[in-house]
Amino acid sequence: ITKVVVEIFGGGGGGGGGRTSYLYGANGGGAGGYSMKVIDVSSISTSTVTIGAGSSGAAADVTASAGGNSTWVDGTNTLTANGGTGGLKGQENISNDGGTASGGDTNASGGGGHCGFATTTGHGGGGGSISPAPGGPGVGDYNGTANLVPRNATGYGHGGAGGQQAGIKTGGNGAGGWCKVMEYK
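Residues numbered from 1 in each chain as written. Predicted model: local features only at pLDDT ≥ 70, side-chain atom pairs only at ≥ 80, totals over all residues. Heavy atoms only, no water.

Describing the packing of aromatic side chains
Convention followed: Planes of paired rings set the category: under 30 degrees apart is stacked, over 60 is edge-to-face and the rest tilted, where pairs are Phe, Tyr or Trp rings (Trp by its six-membered ring) whose centres lie within 6.5 Å. Working definition: helices are DSSP H or I runs of at least four residues, strands are E runs of at least two. Numbering for both runs from the N terminus. To sort residues, take the accessible area from a 1.4 Å probe on protein chains only and compare it with the maximum for the residue type: under 20% means buried, over 50% means exposed, and anything in between is partly exposed.
Counting across every chain of the model gives three aromatic pairs. Here F9 and Y34 contribute two aromatic rings whose centre-to-centre distance is 4.8 Å and whose plane-to-plane angle is 40°, an arrangement assigned as tilted. Residue F9 is located in strand β1 (residues 3-9), and its partner Y34 is located in strand β2 (residues 34-40); the two are separated by 25 residues in the primary sequence. Assigned by exposure class, F9 and Y34 land together as buried. What links up through ring pairs into an aromatic cluster is the set F9, Y34, Y156 and W178.

Here's the deal with the pairing of strand β5 (residues 78-81)
Let me state the cut-off plainly: By the convention used here, strands pair only if DSSP detects at least 2 bridges between them.
In the sheet, strand β4 (residues 70-73) pairs with β5 via four bridges, with the strands oriented antiparallel. Counterpart to T71 in the pairing with β5 is T80. Where β5 lies against strand β6 (residues 101-102), two bridges are found, and the strand directions are antiparallel. Its bridge partner lying in β6, A81 is registered against A101.

Quick notes on the sheet that holds strand β8 (residues 178-184)
What counts, and what does not: All axes are obtained by fitting lines to C-alpha atoms, using only the stretch in contact for helices, and the reported angles, taken between N-to-C directions, cover 0 to 180 degrees.
The four strands lie next to each other as β7-β2-β1-β8, forming an open sheet whose pairing is antiparallel. The sheet is open, and its two edges are formed by β7 (106-108) and β8, each paired on a single side. Averaged over all pairs of adjacent strands, the angle between strand axes in this sheet comes to 15°, irrespective of strand direction. Here β1 runs beside β2; their pairing, made up of seven bridges, is antiparallel. Residue pairing in the sheet places V6 in a bridge with K37 of β2.

A word on the sheet that holds strand β3 (residues 48-50)
Strand order in the open sheet formed by four strands is β3-β4-β5-β6, and the pairing between neighbours is antiparallel. Bordering the open sheet on either side are β3 and β6, each of which pairs with just one other strand.

Concerning unusual backbone geometry
At D61, a position not held by glycine, the phi torsion is positive, near 65°. In this fold, D61 is placed in the loop between β3 and β4. Residue D61 is classed as partly exposed on the basis of its relative accessible area of 28%.

Structure follows, in structure tokens:
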């Protein structure tokens, strides 16, 4: 083996908690960042990989935490994919960001969580997405539909959906980060 292609994704942010007393849904969590690099490993013998966890969805009236950062460190190269920001609680409808990335040949920020808004059910915003990670973000609520369970992200690095007001107020969980290594001769 002389070369590897390393891809890392940061953890997704959890969705914010919907409001208890007003018809406001919460923001979805941001997706983690993405970094990819082709590395000549002919003189590299070890590496340390850290995988960022996805953050949990927040309870009612609470802003969620950011997803964890993922890193690849081999003594010569350091790739970092930061976790997505946590979704803001209901009624604080300011877009939140996806995680940033650095150190790769390609670096991309994750998609931001979508804003929740006021409707008859307090619509929760969808989570942010990052390509080419498998899975997808937590899906935002549909107007007039009361959710019975939080809308969690699937796969890797995507953000959880924001909680709504009329149904379940808890935000969806963000998906954990990921490291993929492909070896070449």
